[in-house]
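Residue strings, one per chain:
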Amino acid sequence: MLNPVIQPGHLTELDRFIFESWGYFIIPDVLSEDEVAACLAASKRLHEAAGTPAFGQIGRGYETEPALEHLIDHPAVLPKIRGLYGDRFILQAGWNTKQPAHGPMGGWHQDGSGAYDFKKLGHPIPLLQLRASFLLNDQTRPRMGNMELIPGSHRSLVGLPEGVRRGESEEARAVPIGHVICATAGSVLIFHNAVWHRTYAHDGDYDRYTMHMIYSPPWVRSSDRLHNDPAFLQRTTPLRRAFMGEFDRPDAPYGAGYTPPPFDNE
Ligand SMILES: O=C(O)CCC(=O)C(=O)O
C-alpha cells in the first residue's frame, strides 16, 4: 500500500499537496521509546481511574499528566498544524482512546458535530478539527487496533453508503479503498475531520491506547471541557495556555485584536 509518510517539522509544499489529496499524512517515530512508555503509563492511569469498561475516550488528560501535556505543542507536529491553519487556532479537545484487548472494529464516520453536521457548511467540508493521533502501541501490522482511513474521502460529494456503514458482517463493512494505517508506536497520524475513518480490529491480548490532539479555529467550542482547570492554566507554559482558548474578551476570536499564541519561531 502507498503510504503518505512525511518528515517532522515545517510543512513543505509537498506535505500540503499530500494533505489536500489524501486528507492525512503520517510522521513516523515522533516519540522516543521512553516518551511512548510515559504516555502509555499515563493513559492507563486515566482509564483505570475512570473505570473505562471497554472502548472509551477520556478528555483533559493533558491537565494532569505531564507526558500527555507535552504532546500539545510537540515540535515535530506543531509546525504542520500551523502550516495548515496559520497562527490562530486552539486545542479543541484531547481525547485519550482505549481500545480493549480483542476489541472489535469501530463504525465508519467523519468527525464533526452530530448537533450541526459540518456537511451543512458546504462542500468541500471545511477543515475544523485537525487531528494529530499519537499512536502509543505498535501498529506495524493490520489488526493491531490501527486506524483505517479512506484516502481522499474528505472531498467525496457522496457519503459512505448506509449499507456499508451499518453492514451486518465485517465483510459487508469492508471498503476496498480503506487504508489500514501501519506504523510504529510513537508515530503520529494527522488527518482532516471529513476523512471517513474507523478504528480497525485489534486481535492483541492487551489494551491499545492512542492520544488524539484536536486543533480547531479559535471560535470553535472545546468538546472535552466546559472550563479550563485554573491550576493547569497557572502551571502550564504561555504557549499551551494560549491553545486552551482563554481570551480576554469573548469576541476576541472574531475580531482583529486577536493576539496569536507566543510561538517560538521555527
Ligand atoms: O480508535 C481510535 O483511537 C479513534 C476513534 C475514532 O475514530 C474517533 O475518535 O473519531
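Residues numbered from 1 in each chain as written. Predicted model: local features only at pLDDT ≥ 70, side-chain atom pairs only at ≥ 80, totals over all residues. Heavy atoms only, no water.

For the chain, the name recorded in an unreviewed UniProt entry is Phytanoyl-CoA dioxygenase, with Dictyobacter halimunensis as its organism.

A. Local environment of the site of the ligand. Phe 55, Gln 57, Thr 97, His 109, Asp 111, Arg 131, Met 147, His 197, Thr 199, Arg 208 and His 212 make up every residue found near the ligand. His 109 has a polar side-chain atom sitting 2.8 Å from an oxygen atom of the ligand. Within the side chain of His 212, one N or O atom sits 2.8 Å away from an oxygen atom of the ligand. With the chains in place, 94% of the 300 Å² that the ligand exposes on its own is no longer accessible. Where the shell around the ligand is concerned, the elements lending two or more residues are strand 8 (197-199) and strand 9 (208-216). Class assignment for the residues of the shell around the ligand results in two nonpolar, six polar and three charged. (Near = heavy atom within 4 Å. Polar contact = N/O pair within 3.5 Å; in protein donor to acceptor, adjacent residues only side chain to side chain. Areas by Shrake-Rupley, 256 points an atom, 1.4 Å probe, with all protein chains shown as cover. Helix = DSSP H or I, 4+ residues; strand = E, 2+ residues; numbered from the N terminus. Nonpolar A, V, L, I, M, F, W, Y, C, P; charged D, E, K, R; others polar.)

B. View of the sheet that holds strand 6 (residues 179-180). Ordered by their spatial adjacency, three strands build an open sheet running 6-5-8, and the pairing between neighbours is antiparallel. Edge positions in the sheet fall to strand 6 and strand 8, since each of these pairs with one other strand and no more. (Pairing = 2+ DSSP bridges.)

C. View of the nonpolar core. Counting residues in hydrophobic clusters, the biggest one holds 43 residues, and the most contacted among them are Val 77, Phe 134, Ile 190 and Met 213. Per-element tally for this core: the top contributor is helix 2 (residues 33-50), with five residues. Dropping the residues within four chain positions of it, Met 213 is found in contact with Tyr 62, Leu 68, Leu 71, Ile 72, Leu 91, Ala 93, Gly 94, Leu 130, Arg 131, Ala 132 and Phe 134. With eight residues, the next largest nonpolar core counts Tyr 24, Ile 26, Met 147 and Ile 181 among its residues. (Core = buried A, V, L, I, M, F, W, Y, C linked by side-chain atoms within 4.5 Å. Buried < 20%, exposed > 50% of the residue type's maximum accessible area, 1.4 Å probe, protein only. Contact = heavy atoms within 4.5 Å.)

D. Geometry of the side chain of Asn 137. Examined against the element boundaries, Asn 137 turns out to sit in the loop between strand 4 (130-135) and strand 5 (147-149). Given a relative accessible area of 10%, Asn 137 falls into the buried group.

E. Here's a closer look at the pattern of salt bridges. Within the structure shown, the criterion is met by 19 salt bridges. With a shortest N-O distance of 2.9 Å, Asp 15 and Lys 80 are connected by a salt bridge. Within this pair, whereas Asp 15 is found in helix 1 (residues 13-22), its partner Lys 80 is found in helix 5 (residues 78-85), the two being separated by 65 residues in sequence. You'll find Asp 15 and Lys 80 in the same group, each marked buried. Note that Arg 235 and Glu 69 form a salt bridge whose closest N and O atoms lie 3.0 Å from each other. Residue Arg 235 is located in helix 8 (residues 230-235), and its partner Glu 69 is located in helix 4 (residues 66-69); the two are separated by 166 residues in the primary sequence. Residue classification places Arg 235 among the partly exposed positions, given a relative accessible area of 46%. The class of Glu 69 is buried, set by a relative accessible area of 5%. (Salt bridge = Lys/Arg side-chain N within 4 Å of Asp/Glu carboxyl O.)

F. Inspection of the environment of Asn 137 at higher detail. In this structure, the C-alpha to C-alpha distance between Asn 137 and Tyr 206, residues 69 residues apart in sequence, is 9.8 Å. Setting aside chain neighbours within four positions, we find Asn 137 in contact with Leu 40, Thr 184, Ala 185, Tyr 206, Asp 207, Arg 208 and Tyr 209.

G. Representation of the pairing of strand 7 (residues 188-191) in the model. A two-sided burial pattern is seen for strand 7, the buried positions comprising Val 188 and Ile 190 on one face and Leu 189 and Phe 191 on the other. As defined by bridge partners, strand 1 (residues 24-27) adjoins strand 7 across four bridges and the pair is classed as antiparallel. Within strand 7, the residue paired with Ile 26 across the bridge is Leu 189.

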